[in-house]
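Coordinate inspection notes
In case you want the letters, here they are:
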Amino acid sequence: MDYMAAHGLKRARPAELVPGTVSVITARMDYLPRMDAAGWSAQGDQDWRTVEWARLERPHEGVVSLYARGRDYHKVLRARLQKLCDRIAAAVGPFGHRVFTDSAPVLEAALAERSGLGWRGKHTLVIDRAAGSMFFLGEIYTDLVLEPTQPVPEHCGSCSACLSACPTGAIVAPYRLDARRCISYLTIEHPGAIPPELRPLLGNRIYGCDDCQLVCPWNKFAQRSSLPDFDARAELTGQRLVSLFAWDEATFLRRTEGSPIRRIGHERWLRNIAVALGNALHSRNDAVQGEEQAAMRAALQARSGHASPLVREHVAWALAQGG
Ligand code: SF4
Ligand code: SF4
């Protein structure tokens with residue numbers, strides 16, 4: 001958000017960002033984990049979305065957004081786009097180019113939309129009829145003169161499922177997202193306290209949120225990644241909140257090595273899990289009774305003297321949810 005203000009026109013005009021740019025090659029890379037590596041195969045032939053919805057019904061488990069369960073996509077996508085540039089150079093000779101993957105002031109979704117990679121759904125993400133929306137975007141800014149591809153028509157029609165499904169009401173109108181209410185923003189980008197009125201709505205989502213994509217009918221066509229890079233790591237999938245909350249900083253750094261989660265740091269990790277623990281205690285769900293409930297309270301109490309005021313405040317809030 002800050003760099004939007006700082007970079008102004010550079011976002012809208014590629015040549016301002018990389019002088020000499022006359023074309024932008026846009027690319028998408030599917031990230032849905034491979035079937036056998038996602039813990040989905042154990043669920044018979046259930047649709048992956050059914051399995052993901054079920055996770056949200058188990059308040060004692062932490063749910064990490066699908067894109068973040070494997071390796072950091074920035075590195076994977078950048079390396080592949082660079083490889084593509086090498087192949088183009090081998091075919092046409094040296095050419096000016098720069099690769100972007102969510103790492104610079106680039107209007108990714110707008111470029112993807114204009115180049116026909118998909119249309120902008122009412123949840124503001126790009127959707128392709130043959131691939132849903134579970135993909136990353138990347139770009140190559142280049143001085144090659146290329147024939148432009150055309151936008152595709154939108155296919156949301158009268159559907160508004162994502163607006164109704166959003167737990168925090170962050171999609172305030174079709175195509176309008178209030179980032180300050182979005183769980184992805186709150187659990188990843190937002191550095192401070194999570195607004196208390198929104199905490200109950202986070203449920204057990206401890207890093208990102210997939211609800212608006214899970215509910216989207218086009219994700220019936222979401223493609224699985226062919227890469228092992230996005231295989232879900234066991235320590236980040238289907239884990240109890242108390243286990244995840246017990247990670248000290250060294251464990252956090254070790255277990256999130258090469259993962260996008262590492263960038264939020266241990267403090268925000270604990271903040272997010274504390275909120276989920278509070279929600280679990282409040283839920284009175286059968287899975288959060290007896291020993292599990294006692295373990296949750298003990299885990300929170302063990303962090304109640306944490307050095308970070310942010311963590312302490314969220315822990316105190318969580319303990320208060322148990323009544
Ligand atoms: S990611 Fe979650 S919170 Fe954000 S808009 Fe989508 S459903 Fe709403
Ligand atoms: S859920 Fe419906 S309205 Fe929302 S992006 Fe998907 S098709 Fe469009």
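Placed above this text is the structure.
Let me sum up the structure you'll find in this document. (Residues numbered from 1 in each chain as written. Chains lettered and ligands numbered in written order. Predicted model: local features only at pLDDT ≥ 70, side-chain atom pairs only at ≥ 80, totals over all residues. Heavy atoms only, no water.)

**Comments concerning the packing of aromatic side chains**
Selection criterion: Pairing of aromatic side chains requires ring centres within 6.5 Å, counting the rings of Phe and Tyr and the six-membered ring of Trp. Pairs whose planes differ by under 30 degrees are stacked, by over 60 edge-to-face, and all others tilted. Strands are runs of DSSP state E lasting at least 2 residues, helices are runs of H or I lasting at least 4, and numbering of each runs from the N terminus. For every residue, the accessible area obtained with a 1.4 Å probe (protein chains only) is divided by the maximum for its type, and the residue is called buried under 20%, exposed over 50%, and partly exposed between those limits. Either the NZ atom of lysine or the CZ atom of arginine qualifies as a charge over a ring when it sits within 6 Å of the ring centre and within 35 degrees of the ring normal.
Enumeration over the complete set of coordinates arrives at 12 aromatic pairs. Measuring from centroid to centroid gives 5.4 Å for W119 and W218, while their planes differ by 80°, and the two rings are edge-to-face. Residue W119 is found in strand β4 (residues 119-120), and its partner W218 is found in the loop between α10 (211-214) and α11 (241-245); the two are separated by 99 residues along the sequence. The class for W119 is buried, based on a relative accessible area of 2%. On the basis of relative accessibility, which here comes to 17%, the residue W218 falls in the buried class. Measuring from centroid to centroid gives 5.2 Å for W247 and W269, while their planes differ by 20°, and the two rings are stacked. One end of the pair, W247, is in the loop between α11 and α12 (249-255); the other, W269, is in helix α13 (residues 265-283), and 22 residues separate them in sequence. Residue W269 is classed as buried on the basis of its relative accessible area, which comes to 0%. Taken together, the aromatic side chains of Y31, Y67, Y73, F136, Y207 and F230 make up a single cluster linked through ring pairs. The lysine or arginine in question, R303, covers the ring of F245, its NZ or CZ lying 5.6 Å from the ring centre.

**Concerning empty space enclosed by the protein**
For the record, the criterion: A cavity here means a set of points on a 1 Å grid, drawn over the protein atoms and nothing else, where a 1.4 Å probe fits but cannot get out; a pocket is an open set with protein on both sides within 12 Å along at least five of seven lines, and a residue lines either one if it has an atom within 4 Å of a point. Grid points are joined across faces, edges and corners, and a volume is the space filled by probe spheres set on the points. For this classification, Asp, Glu, Lys and Arg are treated as charged, while Ala, Val, Leu, Ile, Met, Phe, Trp, Tyr, Cys and Pro are nonpolar and the rest, including Gly, are polar.
Going through the model one piece at a time under the given rule, you end up with 1 cavity of 30 Å³ or more. Within this model, the largest cavity holds a volume of roughly 70 Å³. Forming the walls of the largest cavity are E52, L56, V63, V64, S65, R69, R205, G208, C209, D210, D211 and L214. Secondary structure elements with two or more residues in the lining of the largest cavity: β2 (63-64) and α10. Looking at the lining of the largest cavity residue by residue, the class counts come to 5 nonpolar, 2 polar and 5 charged.

**Points about the sheet that holds strand β6 (residues 135-142)**
The criterion, for reference: By the convention used here, strands pair only if DSSP detects at least 2 bridges between them. Lines fitted to C-alpha atoms define the axes here, with helix axes fitted over just the stretch in contact, and angles between the N-to-C directions of these axes take values from 0 to 180 degrees. Here a residue-residue contact requires only that any non-hydrogen atoms of the pair lie within 4.5 Å.
Taken together, the 3 strands give an open sheet; going across it, the order is β1-β6-β3, and neighbouring strands pair in antiparallel fashion. Each edge of the open sheet is held by one strand with a lone partner, namely β1 (23-30) and β3 (97-100). Taking the axes of each pair of neighbouring strands and ignoring which way they run, one obtains an average angle of 20° across the sheet. Pairing between β3 and β6: 4 bridges, direction antiparallel. For R98, the partnering residue across the bridge sits in β6 and is Y141. Contacting β1, β3 and β6, helix α5 (residues 73-92) crosses the sheet at an angle of about 40° to β6.

**A closer look at the environment of V145**
Residue position: V145 is located in the loop between β6 and α7 (161-165). Expressed as a C-alpha distance, the spacing of V145 and Q289, which sit 144 residues apart in the sequence, is 64 Å. Setting aside chain neighbours within four positions, we find V145 in contact with V22 and S23.

**Comments concerning the site of ligand 1**
This is how it is decided: Whether a residue is near a molecule or strand depends on its heavy atoms: if one lies within 4 Å, it is near.
Near ligand 1, the surroundings consist of C166, P167, T168, I171, L177, C182, I183, S184, C209, D211 and C212. Of all elements in the fold, only α8 (183-189) and α10 reach the threshold of two or more residues within the shell around ligand 1. Grouping the constituent residues of the shell around ligand 1 by class yields 8 nonpolar, 2 polar and 1 charged.

**Here's the deal with the nonpolar core**
Formally: Buried residues of nine kinds, namely Ala, Val, Leu, Ile, Met, Phe, Trp, Tyr and Cys, make up a nonpolar core once their side-chain atoms join them within 4.5 Å.
Counting 61 residues, the largest nonpolar core has F245, W269 and L300 as its most contacted members. In terms of residues, this core owes the most to one element, α13, which gives 9 residues. In contact with W269, not counting residues within four places along its chain, are I206, L236, L244, W247, F252, I261 and I264.

**Considerations on helix α14 (residues 290-302)**
Helical geometry note: an α-helix holds 3.6 residues per turn, so side chains three or four residues apart project in the same direction. Inclusion rule: Here, expected helix span is obtained from the residue count minus one, scaled by 1.5 Å. Taken from the helix axis, the directions to the C-beta atoms give the arc we talk about.
The end-to-end C-alpha distance of α14, which contains 13 residues, comes to 18 Å, matching closely the 18 Å that a straight helix rising 1.5 Å per residue would cover. Every buried residue belonging to α14 is among E292, M296, A299 and L300, and all of these are buried. The arc that holds the buried residues of α14, viewed along the axis, is 95°, so those residues lie on one side. Exposed side chains of α14 directed beyond 90 degrees from the buried face belong to G290, E291 and A302. Buried residues along α14 sit against α11, α13 and α15 (309-321).

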